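Architecture at a glance
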Amino acid sequence: MERRVHALALLAALLCVGQSEARIVKVPPGPLVRVEGQPVSIKCDVTQYDGPREQEFDWIMLKENKRQVNIISTFETDFTESSLRSRVASGDIALQRLQDNAVELRIKAVKPQDSGTYQCRTPSTDMVATGNYEAQVKLTVIPNTLKVSPQAPPQVLPEGSDLVLSCNVTRDLTHSTYLSVSWSVKKAASSEELLTFGPGEGVTTGADLAQRFADGGVRFVPGGNGVFELVISRLVASDSGVYSCTGTEWTSESRKWVRIVQSVVEMGRVTVTPTDQSLTVKTSSPSSSPLLLYPGNTLTLLCSVAGDNLDALALEVGWLADGRELIRMDRSGLVISNSSRGAGPSLERTGAGEYRLRLREVSGVDGGVYTCKTRAFVKQGGAWLQTAEKTSDAVTVKVLEIKPNFNLTLKAALAPNTTGDPAELVCHVSAITHLPGQSRLAVKWEHAARPGDTSNPTVVASLDAHGNLLPGAAYAERLKSGLVVLSRVQSNTFKLRFLQMQDVDSGEYVCTVTSWSVSSQGDVTKTSEYKSSPLPVQWVRKDPVIDVAAKTDRKASVGGATFKMSCEVFTKNLDEPGYSVEIQWQDDPEGDTKTIMTLNPDNVMQHGPGTEPSRRDALVLTKSAATEFQFRLESVQLSDKGYYWCKVTAFKKQKPGQTWTKVKSSESNKIKLDFQENGLSFSIKLQSDSSSIFPMETSTMKCSLTLLGSTSQGGDVAYEVRWYFSRLRGGGASILLASINRFGVVSKANRNSSSDISVERNDTGDFLLSIHGTQSSDSGEYQCFVTPWYISASTGDWTESGELTSSRVFLTVKFAVWDSLKLPLLYGGAASLGVGLLSLLLGLLFARCCGRKNGLPISRGQIPLIKGGLD
């Protein structure tokens, strides 16, 4: 039992100890290495303590001989040892309170004798002494052996040059320290970091230099014996500035780099001269290539580009003629020409900064002002940066023009003998002089219908200086279809060919030839123009003859009949023609003419503007024979009356597959269409299913209509039906009961009777009137009136016929006496019998009950009966 009590007490004590806090004093882990003359700061703080919030600190240095030197205290003013009091008084050694529980020992310029172990102590303010009250760190002071010796860079460099910044950074290796080297440049008031190497193995660049470093425009070159180089390639003007080299010595503490000494040395100012200041462009001409030229000579111009560091620049050189770029050589040496002339200009590089322009076989349009334009580029990163642009002085080139001269000969290589024959005209250019090699010839063909009429000729077609065909308006369709062909068979020979001559082609023809010079830019300029003598092209004409005869194939004598007419064509001097037919109509000889329908040479039928849309299905136009056409008009109407005839136009094709060409037109004689209009006949009949009925029954009457002597379809006839009623036989006022119009809409009149009526159509001409729930008031005469409507064969419109009246039908509603009395009598007898039986029953009950209650005497004769009954 006692052992258990002791164990519990020990466990409780351990728990109490585990839950209490112990004082902790901390300083940097160290060891610390610092350079002589550099500042030193050692922080000390205390945590998990009791007592006042603000704690006191003492700093003590332990020498290697274990001698203790008091440095400084926050509590005791005379704590400092006498050998250090002057340094403390001067502020070289100071103690800075950072917080209530943290201070920092600071030495402005550490000395070799400051090496040792530094101990930070805190007096106890805790109720129980637990934890640590002091901490120490070792400080080693090494001499300052860092040396930075840069090599002065060139003071002035042209754009495109490379700048090498060499810097020697060394130190004596007495402890494990590390070096870094960096370069910076100062531009105006700001300084820009360029590149840093170390203290590890990495290289870091400034933000503005990162892309150039990635593209290889900036390189770091480590050398031997502490020599490091930074190379900046392809300098630009913005790289000017004061460059500096910085050497730094580092130590590693707790896996962190700590700078212990640094030296910055200015290398010198570097000025980058802009290319624009040194770049010059000059033009010249070899003595063998004068600036005054004749057509056909060769123009040669030289462009000389000079400047500082020209080899480091990428040049783009171009020649301009009158301000327009003629040819250009880009940075890669690719030549781009903007001239469209055959023998275009050439541009080649003949030496460093030397470029030659050569233009062969010049003409008058090549004269002008020539300049050489140069642009210089420096590659920055992945892009080219233009650094300068210069244009040379102008050079004026003159080309003496001599007007070309030549003769024209126009003749007919193939002459037509009649209309439809082919023809071929040849325009030949000869005796050509003073025509430059790059010149071009153009031709224009013109036609005059009357000989000697040159005031307003018709242009057939032209071939311009570029060889483009320009058709005249009158011949555009024939040129497009190939019926007329314009060609250049040789450099000096042009042909105009007609596959089939038409009458309008007769007359005189002239060819006009112009010469054109081509400039170095590809522009053409007319230099001369010559016109041939007129060439008559005529033949004996055989005018085509076309006649048309119309006749009636089927006469329409009444409305609704069919009218047929045919037209036959007779021709002369026409080979394999095609015909178009127009059916014309007039209501009278002086009326307006309307086109009913047409049939083109390809047998495509179309309705004309004079055809009503509703009548198009009744019209037919066909080609019944090679020269015969038939027109058919079905179901003639009054509006069809008038005069009909054919207008025929003859067409020809120059060759198969080509379009039709109109030759001549003619009209036939006129055919008159006239007929008589006849109406329709109808019959009407009224029937009743019964002439006498009883009340509440249904009576049905049928009004039947019959179309007499007609073949019209049922859809061509409609009826309006009205039903009338009269109470008196043989006359009297009639009352309208109901009606149904020709569209099938039923209307019923208001009635006082309790019966109801309905109207329906159960066949084409049968209409039914039904009276439901008849009453005596429905007795009387009934009659139907009908108005027929039909589509007139003459007009095609709905026509109202005369009104038809049916015979009268009398309907009697009988009065049945027994039927009217049998129900009241039956109900009365049954009621009387019921009342009698009820009275008898009530009397008997009253007699038996009321007699005994009053003690009435009973006769002797009744006693046995009663008695016997009781027994």
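Residues numbered from 1 in each chain as written. Predicted model: local features only at pLDDT ≥ 70, side-chain atom pairs only at ≥ 80, totals over all residues. Heavy atoms only, no water.

Taking an unreviewed UniProt entry as the reference, the protein is identified by name as Prostaglandin F2 receptor inhibitor belonging to Oryzias melastigma. UniProt lists a comment for the protein under the heading Subcellular location (unreviewed entry), and it reads "Membrane". (UniProt positions renumbered as here; feature names shortened; annotations may be inferred.)

Let us look at the pairing of strand β47 (residues 628-633). The alternating pattern of β47 places Phe629, Phe631 and Leu633 on a buried face, while none of Glu628, Gln630 and Arg632, on the opposite face, is buried. Bridge count between strand β46 (residues 619-625) and β47: six bridges; the pairing is antiparallel. Bridge pairing links Lys623 to Phe629 in β47. Hairpin remark: β46 followed by β47, antiparallel, with two residues in the connecting loop. (Buried < 20%, exposed > 50% of the residue type's maximum accessible area, 1.4 Å probe, protein only. Helix = DSSP H or I, 4+ residues; strand = E, 2+ residues; numbered from the N terminus. Pairing = 2+ DSSP bridges.)

As a further point, take the side chain of Arg23. Here Arg23 lies in the loop between α1 (2-19) and β1 (24-26). Owing to a relative accessible area of 1%, Arg23 belongs among the buried residues under this scheme. A polar side-chain atom of Arg23 sits 3.3 Å from a polar atom in the side chain of Thr122. (Polar contact = N/O pair within 3.5 Å; in protein donor to acceptor, adjacent residues only side chain to side chain.)

Our next topic: the state of the cysteines. Tallied over the entire structure, the rule returns six disulfides. Linked covalently through their sulfurs, Cys167 and Cys245 form a disulfide whose S-S length is 1.9 Å. One quick way to see it: the torsion about the S-S bond of Cys167 and Cys245 is about -90 degrees, and its sign makes the bridge left-handed. Placement of Cys167 in strand β12 (residues 163-170) and of Cys245 in strand β18 (residues 241-253) is noted, with a sequence separation of 78 residues between them. A relative accessible area of 0% means that Cys167 is categorised as buried. Judged by its relative accessible area of 0%, Cys245 is buried. Cys703 shares a disulfide with Cys784; S-S distance 2.2 Å. Taking the sign of the torsion about the S-S bond as the criterion, the disulfide between Cys703 and Cys784, at about 65 degrees, is right-handed. Placement of the pair is Cys703 in strand β53 (residues 699-708) and Cys784 in strand β59 (residues 780-791), with a sequence separation of 81 residues. (Disulfide = S-S within 2.5 Å.)

Another aspect to go through is the layout of surface pockets. One water molecule sets the probe size; rolling that probe over the atoms shows where empty space is left. Space inside the second largest pocket adds up to approximately 460 Å³. What lines the second largest pocket is a set of 18 residues, and nearest its centre among them are Thr419, Gly420, Leu574, Lys652 and Val663. Top element by residues in the lining of the second largest pocket is strand β49 (residues 660-667). It accounts for three residues. Classifying every residue of the lining of the second largest pocket by side-chain character gives five nonpolar, eight polar and five charged. (1 Å grid on protein atoms, 1.4 Å probe; cavity = no way out; pocket = protein on both sides within 12 Å on 5 of 7 lines; lining within 4 Å. Points joined across faces, edges and corners; volume = space filled by probe spheres on them. Nonpolar A, V, L, I, M, F, W, Y, C, P; charged D, E, K, R; others polar.)

Considering all chains together, one arrives at 15 aromatic pairs under this definition. Here the aromatic rings of Phe197 and Phe228 are separated by 5.9 Å at their centres, their planes lie at 40 degrees, and the arrangement is tilted. Of the two residues, Phe197 sits in strand β14 (residues 190-197) while Phe228 sits in strand β17 (residues 227-232), which places them 31 residues apart along the sequence. Here Phe197 matches Phe228 in class, with each residue buried. A ring pair is formed by Phe406 and Tyr530, whose centres lie 4.5 Å apart and whose planes are at 65 degrees; its orientation type is edge-to-face. Of this pair, Phe406 sits in strand β31 (residues 405-414) while Tyr530 sits in strand β39 (residues 524-531), placing them 124 residues apart in sequence. With a relative accessible area of 23%, Tyr530 lands in the partly exposed category. Chaining the aromatic ring pairs together yields one cluster made of Trp183, Phe197, Phe220 and Phe228. (Phe/Tyr/Trp six-rings, centres within 6.5 Å; stacked < 30°, edge-to-face > 60°.)

Okay, the sheet that holds β31 next. Reading across from one edge, β31-β32-β37-β36 is the order of the four strands in this open sheet, with antiparallel pairing throughout. Only two strands of the sheet have a single partner each, and these edge strands are β31 and β36 (484-490). Taken pair by pair, the neighbouring strands of this sheet meet at an average axis angle of 20 degrees, ignoring direction. Here six bridges tie strand β32 (residues 423-433) to strand β37 (residues 493-498), and the two strands are oriented antiparallel to one another. Of the residues in β37, the one forming a bridge with His428 is Thr493. (Axes fitted to C-alpha atoms, helices over the stretch in contact; angles between N-to-C directions.)

Now for the pattern of salt bridges. The tally for this structure, following the rule as stated, stands at 27 salt bridges. Linking Arg478 and Asp505 is a salt bridge whose minimum nitrogen-to-oxygen distance equals 2.8 Å. In this pair, Arg478 sits in helix α5 (residues 476-481) while Asp505 sits in the loop between β37 and β38 (507-518), placing the two residues 27 residues apart along the sequence. Of the two residues, Arg478 and Asp505, both sit in the buried class. For Asp640, the salt bridge goes to Arg615, with nearest N and O atoms at 2.6 Å. Placement of Asp640 in the loop between β47 and β48 (642-653) and of Arg615 in the loop between β45 (605-607) and β46 is noted, with a sequence separation of 25 residues between them. (Salt bridge = Lys/Arg side-chain N within 4 Å of Asp/Glu carboxyl O.)

Per the domain assignment, the segments of the protein are domain 1 (23-142), domain 2 (147-273), domain 3 (275-399), domain 4 (405-537), domain 5 (545-673) and domain 6 (681-813). For domain 5 versus domain 6, the separation of C-alpha centres amounts to 50 Å. (Domains from an automatic or database assignment.)

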